[in-house]
Amino acid sequence: MRPAHALIDLSALRHNYQLARSLAPAARALAVIKANAYGHGAVPCARALEAQADGFAVACIEEALELREAGISKPILLLEGWFEALELELIVELDLWVVIHHHGQLADLAQVQLARPLNVWLKLDSGMHRVGFTPEEYPAIWRSLERSANVASLTRMTHFARADEPETGRTEEQLAVFHRTTDALGGPASLCNSPGVLAWPAAHGDWLRPGIMLYGATPFEFAQPDAQNLQPVMQLNSRIIAVRQVEAGEPIGYGSRFVTRRATRIGVVAMGYADGYPRHAPDGTPVLVGGQRTELIGRVSMDMLTVDLTDLPQAGLGTPVRLWGNGLNASEVAAHAGTIAYQLFCNLNRVRRLYTD
Ligand SMILES: *Cc1c(COP(=O)(O)O)cnc(C)c1O
């Protein structure tokens, strides 16, 4: 069998969830498991967390349905609410919570009589300017939903654009807008994604929404003390499947992107962009071979990539390779490839997912 696999450690997932909770003991936390739990497998992750988690958050009803069909009974929040009014009946049936973030959803709600009223998270655009109601319109919308027979409860919600960049001052501005606009309305508050949970205690409020931190990747580009206590959940592993020795000045792989500068021992790894490893990872991207660091050399191909084994004489055919996980955080690989760990995880494809607990 091809040795490429993603080993998912569910106890690390629980550790990271508990870390989020311990940073904000007064708050509850919805584990964000949208996009197939950032590539980690939504159902196994939800099952592993269900005993502890206060609830879950997903992007759409399709994702929520998968969880309910698997027997997950904790609250599930739809982070973008519904896309078509037709979904409302099933939302009630599946007992889902909804975000309301635009006027079309308000119009839909005004035109239906639901069998049961909804738990609504009303989203404020406090400065990210993606979704949510403006500070000017928000209080009146809140008050009209308070009177709606289709609404059981209301939660104040917003989302930060730059919580991972504390020095910018932008999060303070968003927080000020949030408080100025919503404090008089009462009701629980939810503001924090992972960087908010880790770096913005003043913003914790009543409900956290940790995502990437649950999977053990830091959202920061700097060493953040609490983020250093996260445990990587995914080990992206494979093995060396071929070794060859070439002279200095020889091109390696497609497009001859890398040309050897010395006599070089090359290891071929069963891992490629069809597995989700980023094709745009440059020469020099770190890779662990037999637990030791070396570098990607040459362009990543669909099923294979090549690494420099010259300084690892003990490595050879069959030596274990780790592309990210313990010893090499996905965020570090992502930084080399000009992207973020979120995207590396979400792009996982083809590789078998194995679970350990
Ligand atoms: C995805 C998402 C989160 C989780 O964000 P992370 O940065 O992964 O922690 C939180 N809130 C909303 C609204 C989201 O869409």
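As a starting point, this report considers the structure included with it. (Residues numbered from 1 in each chain as written. Predicted model: local features only at pLDDT ≥ 70, side-chain atom pairs only at ≥ 80, totals over all residues. Heavy atoms only, no water.)

**So, the site of the ligand**
1) Next: The local shell around the ligand holds 15 residues, among which Lys34, Tyr38, Ser194, Ile212 and Tyr342 are the closest.
2) Next: Taking Gly211, its main chain carries an N or O atom lying 2.8 Å from an oxygen atom of the ligand.
3) Next: Against a free-state accessible area of 390 Å², the protein chains account for coverage of 93% of the ligand.
4) Next: Secondary-structure elements contributing two or more residues to the shell around the ligand are α2 (34-38) and α9 (194-199).
5) Next: Its residues assigned to classes, the shell around the ligand shows eight nonpolar, four polar and three charged. (Near = heavy atom within 4 Å. Polar contact = N/O pair within 3.5 Å; in protein donor to acceptor, adjacent residues only side chain to side chain. Areas by Shrake-Rupley, 256 points an atom, 1.4 Å probe, with all protein chains shown as cover. Helix = DSSP H or I, 4+ residues; strand = E, 2+ residues; numbered from the N terminus. Nonpolar A, V, L, I, M, F, W, Y, C, P; charged D, E, K, R; others polar.)

**Let's talk about the pairing of strand β2 (residues 28-32)**
Every regular strand shows the same layout, with side chains that alternate between the two sheet faces.
1) Next: Counting buried residues along β2, four of its five residues qualify, which places the element largely inside the surrounding structure.
2) Next: Taken together, the two bridges between β2 and strand β9 (residues 207-208) define a ladder with parallel strand orientation. In the strand pairing of β9, Arg28 is matched with Trp207.
3) Next: Pairing geometry for β2 and strand β3 (residues 55-58), over three bridges, is parallel. Among the inter-strand pairings, Ala31 is bridged to a residue of β3, identified as Phe56. (Buried < 20%, exposed > 50% of the residue type's maximum accessible area, 1.4 Å probe, protein only. Pairing = 2+ DSSP bridges.)

**Here's the deal with unusual backbone geometry**
1) Next: The phi dihedral of Asp95 is positive, around 60°, even though this residue is not glycine.
2) Next: Classification of Asp95 by relative accessible area gives partly exposed; the value is 40%.

Keep in mind these numbers describe shape, not what the thing actually does.
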